[in-house]
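Chain by chain, the residues run as shown.
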Amino acid sequence: CKIWHRTTPETDRLRIIVSSSTLHNAHLHKDYAAKSHYDLLTICGAGMRTARLNFQRDYKNCTIGMDISVLAGINDVRNGSPKMLKLEMQRWFEWIKIHEKENGLRHTIAFSELFRPPQYYWFRSDGPTPPNHMDRVQIIDGMNRVIREMNADFGKCTNPNGSL
């Protein structure tokens, strides 16, 4: 829906999308009409840590299973590293496991790979590299490798049917 409100469980699971400015206000487009409800937690300028901390604050009292999709990390490219991203993802997974155990719940979580925006990732087919271009190809590729590995290692959390 397009109305801000506190979450009210309509089903036995809560669908949540967490993002930085990448998806901020995407649901407000005049032609957008979701077929099902999901919570959209977006924070302009947020990196993985800020997204995680805000998610934890907002959902610490959740009493139903959560299916979480995270599209964050692009704001960490300038000053971050794959190692830093992995640490933040580990912290997120640890919190999920603790929340599941303390509340007798099952959650799923998956992280989307980072986009490759031209300001950081220049393809040869884009033409000559602009002057003063901040090449972050290795950092983005490294972060995306971490995201793929962490998603596979964590197995989309503990949901036995693998749904998200």
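In short, a report on the structure. The shown structure was predicted, so the numbers you read here are calculated from the model rather than taken from an experiment.

Cut-offs applied
Residues numbered from 1 in each chain as written. Predicted model: local features only at pLDDT ≥ 70, side-chain atom pairs only at ≥ 80, totals over all residues. Heavy atoms only, no water. Helix = DSSP H or I, 4+ residues; strand = E, 2+ residues; numbered from the N terminus. Buried < 20%, exposed > 50% of the residue type's maximum accessible area, 1.4 Å probe, protein only. Contact = heavy atoms within 4.5 Å. Areas by Shrake-Rupley, 256 points an atom, 1.4 Å probe, with all protein chains shown as cover. Core = buried A, V, L, I, M, F, W, Y, C linked by side-chain atoms within 4.5 Å. Salt bridge = Lys/Arg side-chain N within 4 Å of Asp/Glu carboxyl O. Expected span 1.5 Å × (residues − 1).

### Things to note about the overall build of the protein
Here is step 1 of the chain: A count of helical and extended segments in the protein gives three helices and four strands.
Here is step 2 of the chain: Reading the protein from its N terminus to its C terminus gives the helix and strand order β-β-α-β-α-β-α.
Here is step 3 of the chain: Split into buried and exposed, the 164 residues of the protein put 40% on the buried side.
Here is step 4 of the chain: Summarising the internal contacts of the protein: among those between residues at least 6 apart in sequence, 72% fall at separations of at least 24.
Here is step 5 of the chain: Entry remark: accessible area of the protein is about 9800 Å², with carbon and sulfur atoms responsible for 51%.

### Side note on the side chain of Ser19
Here is step 1 of the chain: Along the chain, Ser19 turns up in strand β1 (residues 13-19).
Here is step 2 of the chain: Since its relative accessible area comes to 0%, Ser19 is described here as buried.
Here is step 3 of the chain: Look past the residues within four positions of Ser19 in its chain and what remains in contact with it is Leu41, Thr42, Ile43 and Leu71.

### Regarding the nonpolar core
Here is step 1 of the chain: In this structure, Phe55 and Trp92 are the most contacted members of the largest nonpolar core, which totals 34 residues.
Here is step 2 of the chain: Of all the elements in the fold, those that place two or more residues in this core are β1, α1 (48-59), β3 (65-71), α2 (82-103), β4 (108-111) and α3 (137-154).
Here is step 3 of the chain: Residues within four places of Phe55 in sequence aside, it is in contact with Ile16, Val18, Leu41, Met66, Ile68, Trp92, Trp95 and Ile96.

### Quick word on the pattern of salt bridges
Here is step 1 of the chain: For the structure shown, the criterion picks out six salt bridges.
Here is step 2 of the chain: Asp67 serves as the salt-bridge partner of Arg13, at 2.8 Å between the closest nitrogen and oxygen. Remark: Asp67 occurs in strand β3 and Arg13 occurs in strand β1; sequence separation between them is 54 residues.
Here is step 3 of the chain: The class of Asp67 is buried, set by a relative accessible area of 8%.
Here is step 4 of the chain: Between Arg91 and Glu88 there is a salt bridge whose closest N-O contact spans 2.8 Å. Taken as a pair, Arg91 and Glu88 lie in helix α2 at a separation of three residues, close to a single helical turn.
Here is step 5 of the chain: A relative accessible area of 34% means that Arg91 is categorised as partly exposed.
Here is step 6 of the chain: The exposure class of Glu88 is buried, given its relative accessible area of 4%.
Here is step 7 of the chain: By sharing partners, the salt bridges in this structure join Arg52, Glu88 and Arg91 into a single network.

### Notes on α3
Because the α-helix completes a turn every 3.6 residues, residues three or four places apart line up on one side.
Here is step 1 of the chain: For α3, with 18 residues, the first-to-last C-alpha span of 26 Å sits near the 26 Å given by 1.5 Å per residue.
Here is step 2 of the chain: Listed in full, the buried residues belonging to α3 are Val137, Ile140, Gly142, Met143, Asn144, Val146, Ile147, Met150, Asn151 and Phe154.
Here is step 3 of the chain: On the buried face of α3, the contacting elements are α2 and β4.

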